[in-house]
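Structural features, examined
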Amino acid sequence: MSQYIPQQLDEIRAGVIAAAARSHRDPAGINLLAVSKTFPVEDLMQAYDAGQRVFGENRLQEAMEKIPQMPQDCRWHLIGPLQRNKVRKALQQGFALIEAVPSLRLSEAISRIACEEGIIASILLEVNVDAEESKHGFSVDDLRAQWDELMALPSLDIQGLMCIPAFAASAQEARPAFASLRALAEELRERGPLPLPLLSMGMSHDFGIAIEEGSTNVRVGSAIFGKRDYS
Ligand SMILES: *Cc1c(COP(=O)(O)O)cnc(C)c1O
């Protein structure tokens, strides 16, 4: 168990405020998601006791084990890939936001099952801004081409876009990817009718740059909880 989580959380909060000040933004418009994947519930509780309420998990199974062990006023984002045959489980779990919806096909599945469950599913569309072959996400061209179809899907609340840029040696190298996600969101807002308020971008090493480029949701894991051990 790390003794440093409250302290590290404070540092990240200060970093968010500093980046907001640099870019003349209101820090209240920036949500800090504590990415708790691989960390035990005791670590999440330390963050909770230090005031953190929104947690991100990238595996449904792991999230479903942790959620019942945490206080009920926590909110949860699913930030990892979601298989179509797990959509119903994910919706029944009641995530506040499903962040990484990479295709029209999965959007359709979520829409259909949300209708059946009688709920509205809040999602973000994941965009492969660097056009990396190996990566999930809508290509920019597909998202433009499929926008009208996406808009027509019932029971789906598309709140914005998210991206995971290609691994970069320095945070500055991710800046163009963040800027292009923001530009794409602006373009789609103009097409209407959705306000698309959320832009989920920026992680431990580059959240400051992402905020400068307009991020509203930073997803920070290792800078809060420490190094992940996948063994
Ligand atoms: C793990 C993960 C993060 C957090 O990464 P850190 O570098 O630990 O901050 C953010 N977003 C997604 C989608 C992740 O899977």
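First, a word on what this report is: a plain description of the structure on this page. Position numbers for residues count from 1 along each chain, tracking the sequence in the order it is written. Reporting in this predicted model follows two pLDDT cut-offs: at least 70 for local features of residues, and 80 or more for side-chain atom pairs to be given and counted; totals over whole chains, interfaces and linings ignore these cut-offs and use all residues. Remark: hydrogens and water are excluded; side-chain values derive from all non-hydrogen atoms of the structure.

Regarding its fold elements, the protein chain presents 9 helices and 8 strands. The size measure is the radius of gyration over C-alpha atoms, and the globule rule it meets is 2.2 Å times the number of residues to the 0.38 power. Radius of gyration (C-alpha) of the protein chain: 17 Å, near the 17 Å computed for a compact globule of 231 residues. Partly exposed describes any residue whose relative accessible area lies between the buried limit of under 20% and the exposed limit of over 50%, with all areas from a 1.4 Å probe on protein chains only and scaled to the type maximum. By the burial criterion, 50% of the 231 residues in the protein chain qualify as buried. Roughly 11,000 Å² of accessible area belongs to the protein chain as shown, and the carbon and sulfur atoms make up 50% of that amount. When the 23 basic and 31 acidic side-chain charges of the protein chain are each reduced to a single mean position, those positions are 2 Å apart. The helix count covers DSSP runs of H or I at least four residues long, the strand count covers runs of E at least two residues long, and both are numbered beginning at the N terminus. In this description, accessible areas are obtained by the Shrake-Rupley approach with a 1.4 Å probe, and a residue is regarded as covered only by the protein chains that are shown. Positive: Lys, Arg. Negative: Asp, Glu. His and the chain ends are not part of the count. By convention, the point assigned to a charge is CZ for Arg, NZ for Lys, CD for Glu and CG for Asp.

A few words on the packing of aromatic side chains. Two rings from Phe, Tyr or Trp (for Trp, the six-membered ring) form a pair when their centres are within 6.5 Å of each other. A pair whose planes differ by under 30 degrees is stacked, one over 60 is edge-to-face, and the rest are tilted. All told, the structure shown has 2 aromatic pairs when counted by the stated rule. Throughout this description, the term charge over a ring refers to an Arg CZ or Lys NZ atom that lies within 6 Å of the ring centre and within 35 degrees of the ring normal. Of note, Arg53 hangs over the ring of Tyr48, and the distance from its end group to the ring centre comes to 3.6 Å.

Around the ligand, the neighbouring residues are Val35, Lys37, Ile79, Ile164, Met203, Ser204, Arg219, Val220, Gly221, Ser222 and Arg228. Polar contacts, as used here, are pairs of N or O atoms within 3.5 Å; protein pairs need one atom able to donate a hydrogen and one able to accept it. Residues neighboring in sequence count only if both atoms are side-chain atoms. The contact in question runs from a nitrogen atom of the ligand to an N or O atom on the side chain of Arg219, over 2.8 Å. Measuring from an oxygen atom of the ligand, one finds a backbone N or O atom of Gly221 at 2.8 Å. Burial of the ligand by the surrounding chains reaches 90%, relative to a free accessible area of 390 Å². Residues are grouped as follows: nonpolar covers Ala, Val, Leu, Ile, Met, Phe, Trp, Tyr, Cys and Pro; charged covers Asp, Glu, Lys and Arg; every other residue, Gly included, is treated as polar. Tallied by class, residues from the shell around the ligand come to 5 nonpolar, 3 polar and 3 charged. Any residue with a non-hydrogen atom lying within 4 Å of a molecule or strand is treated as near it.

Within the fold, Ser107 resides in helix α5 (residues 104–117). For Ser107, the side chain forms a polar contact with the main-chain oxygen of Ser103, separated by 2.8 Å.

If you trace the backbone, Met45 turns up in helix α2 (residues 41–49). In the structure, Met45 is positioned 40 residues away from Ile5 in sequence and 9.8 Å away in space, judged by C-alpha atoms. Residue contacts for Met45: discarding those within four places in its chain leaves Met70 and Pro71. In what follows, a contact means two residues having at least one pair of non-hydrogen atoms within 4.5 Å.

Taken as a whole, α2 has its buried residues at Val41, Asp43, Leu44, Gln46, Ala47 and Tyr48. Each element contacted by the buried residues of α2 is listed here: α1 (5–22), β2 (54–57), α3 (60–66), β3 (75–78) and α9 (222–225).

Moving on, we get to the pairing of strand β5 (residues 121–126). In terms of burial, β5 is a largely internal element, 6 of the 6 residues being buried. Remark: the strand β4 (residues 97–101)/α5/β5 crossover connection has right-handed handedness. Crossover handedness is defined by viewing with both strands directed away from the observer: a clockwise path from the first strand over the helix to the second marks the crossover as right-handed. In this view, the connection linking β5 to its parallel neighbour strand β6 (residues 156–162) by way of helix α6 (residues 140–151) has right-handed handedness.

So, on to the side chain of Lys37. Positionally, Lys37 belongs in the loop between β1 (31–35) and α2. Each salt bridge in this description consists of a side-chain nitrogen of Lys or Arg and a carboxyl oxygen of Asp or Glu lying within 4 Å of one another. In this structure, Lys37 is buried with no salt-bridge partner, the nearest side chain bearing the opposite charge being Glu57 at 8.6 Å. Not counting the four nearest positions on each side in its chain, Lys37 is found in contact with Gly56, Glu57, Asn58, Glu62, Lys66, Arg228 and Tyr230.

Below, the discussion takes up the packing of α1 against α2. To define axes, lines are fitted to C-alpha atoms, for helices over the stretch in contact only, and angles between the resulting N-to-C directions are given on a 0 to 180 degree scale. Running from N to C, α1 and α2 point in directions that differ by 55 degrees, and their axes come no closer than 9 Å. Taken together, the axis directions place α1 and α2 in an arrangement best described as oblique. As α1 packs across α2, the resulting crossing turns out to be right-handed. Two secondary-structure elements touch here, α1 through Ile5, Pro6 and Leu9 and α2 through Asp43, Gln46 and Ala47. Tallied by class, residues from the contact of α1 with α2 come to 4 nonpolar, 1 polar and 1 charged. The scheme is simple: roughly parallel for angles under 35 degrees, roughly antiparallel for over 145, roughly perpendicular for 65 to 115, oblique for anything else. Less than a right angle of anticlockwise turn of the near helix away from the far helix marks a crossing as left-handed, whereas a clockwise turn marks it as right-handed.

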